Amino acid sequence: MHEHYDVLILGAGLSGIGMACHLTRQCPDLNFALLERRQAIGGTWDLFRYPGIRSDSDMFSFGYEFRPWNELKVLADGPSIKHYIIDTARAFGIEERIRFGVEARTTNWRSEHQHWAVTGYHSQSGDERTYTCNYLVVCTGYYRYSAGYLPDFPGIERFQGRCIHPQQWPEGLDYRGKQVVVIGSGATAMTLVPAMAADTARITLLQRSPSYVFALPSYDAVSAALLKVLPEKWVYQLARQRNILLQLAIYKGARRFPSATRRLLLRHARKQLGKDFEPRHFTPRYNPWDQRICPVPDGNLFKVLRAGQASIETDEIDTFTETGVRLKSGKDLPADIVITATGLQIELMGGMAVSLDGHPCDLSERLTYKGVLVEGLPNLGWIFGYTNASWTLKADLAANYLCRLLNHMQLNNLQEFVPRDREGSATERSVMDSLSSGYIRRASGILPRQGARLPWRVLNDYGKDRSMLLNDPIDDGYLEFSPTSAG
């Protein structure tokens, strides 16, 4: 079977649904569809089901620019975010355009026809089908859905309890009255511990090294007060702009004044925990924003630690035992359940193999153009959000830019665009090198490269990106355009 579209979107998560909505609004004459490997809308927010799953960005900036998040909850839970994405898809008539249960395994650019041919595997029937499109937009995120990262823990095969990765959380897991150890120091671990603490006999957060953690109000009291005197639309826009500016100011301030920012964050943690708490558990070895900072709503993690409902250990694992985990200090942590919140595995383009006229394409040897297109790949867009702010801010900008580009193609009777780096701008840095998180370091060899200059350099700056993607001319000398070929 064969289906052809003007635009084919891979992924029906936050980015894919956003891209589809932008196409509906800005390019109404284009025929498009979405391929989604799962049987549901939502992407990350359908995959992760662990207790307490929530955003780690404020929802006013995490929501779509074109469809306001109209609740006063600052950090929303996973089911609420999933419903928001589904409701958005339905509001814009996107749902009927989605082909569920289709995994895009390969894509090949056919120069003769000036289109992409995508091989899709249908999970229910086991069939392979070909989808062709003039333009391909990849919205598959950046991590492997099938499995999270699990270090090679010594002795893990000896453990007689249950060992669970949050990415494959079992439905109906009963942890009431159980002894639980959560391994990790990122947002997932910081979410799990307070969410489970009240129901466990004992829960311990085990981290090899600390992260920066700060308490964030779960309810936007300022916006609640403004709603009494201002229209809802105004309040949303004010909250969104305030939070965008605040995020950027905090990030830039941390980068420019790392020592002062570090002192503020550590002082905040000590204040939340009380003077008797051991400060080393919240004293990282790195500077703020070398890795993402973990917000906890209303300081819930600090509260359960202070109340003795949870404990924390900063140590390395010597070995798993039959009954738990033994630390290098010699201490034993008994456990019925061990949760390995040990991170993600980077996977580009959903694991899909990319080729040009049958020749394999290595993305690690290529640059990204304005963080949206890929050097040397014709008619391909890549939606990749921010890692230092709300993902959706960049995803919205990228989708807007792609619609501008597609309208430029139609207006000028063009069929093909290709970003070309004629100046040799590539460096050894990856597109995610602004963060030093473990999952990024592990993937440095497969990520696209940074350029030494614009438009090949990733800015991670909403204001500058907004100007570049929404205002700069489409035909800027870096894109090579071609009309429809005779073939």
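Residues numbered from 1 in each chain as written. Predicted model: local features only at pLDDT ≥ 70, side-chain atom pairs only at ≥ 80, totals over all residues. Heavy atoms only, no water.

*Asks:* Explanation requested: the sheet that holds strand β16 (residues 337-340) in the structure shown.
*Replies:* Two modes of strand pairing occur in sheets, parallel and antiparallel, and in both the strands are linked by backbone hydrogen bonds. With respect to topology, five strands assemble into an open sheet ordered β7-β16-β8-β9-β12, the strand pairing being parallel. The two strands at the open ends of the sheet, each matched to only one other strand, are β7 (162-164) and β12 (311-314). For this sheet, the mean inter-axis angle between neighbouring strands, taken without regard to orientation, is 20 degrees. Two strands pair when backbone bridges link them, and strand β8 (residues 179-183) and strand β9 (residues 202-207) are joined in this way by five bridges, in the parallel orientation. Note that in β9 the partner of I183 across the bridge is L206. Strands β8, β9 and β16 of the sheet are contacted by helix α5 (residues 187-196), whose axis makes an angle of about 170 degrees with β9. (Pairing = 2+ DSSP bridges. Helix = DSSP H or I, 4+ residues; strand = E, 2+ residues; numbered from the N terminus. Axes fitted to C-alpha atoms, helices over the stretch in contact; angles between N-to-C directions. Contact = heavy atoms within 4.5 Å.)

*Asks:* Would you mind showing me how to read the pairing of β16 here?
*Replies:* Remark: a regular strand shows side chains that alternate across the two faces of the sheet. The alternating pattern of β16 places I337 and I339 and V338 and T340 on opposite faces, both of which are buried. Direction of pairing for β7 relative to β16: parallel, over a ladder of three bridges. Bridged to I164 within β16 is I339. Pairing of β8 with β16, which is carried by four bridges, proceeds in the parallel orientation. Its bridge partner lying in β16, V181 is registered against V338. (Buried < 20%, exposed > 50% of the residue type's maximum accessible area, 1.4 Å probe, protein only.)

*Asks:* What exactly am I supposed to notice about unusual backbone geometry here?
*Replies:* The bulk of non-glycine residues show a negative phi, and the bulk of peptide bonds are trans. Put simply, L454 and P455 share a cis peptide bond, and its omega is 5 degrees. Secondary-structure assignment places P455 in the loop between β24 (449-451) and α12 (462-470). You will see that N379, though not glycine, has its phi angle at about 50 degrees, which is positive. Note on placement: N379 falls in the loop between β20 (373-374) and β21 (380-382).

*Asks:* I'm lost on helix α10 (residues 391-411) in this one. Help?
*Replies:* Every α-helix winds through 3.6 residues per turn, so residues three or four apart in the chain are directed the same way. The first and last C-alpha atoms of α10 sit 31 Å apart over 21 residues, in line with the 30 Å expected at 1.5 Å per residue. Two residues or fewer past α10, N413 is found with a positive phi of approximately 55 degrees. (Expected span 1.5 Å × (residues − 1).)

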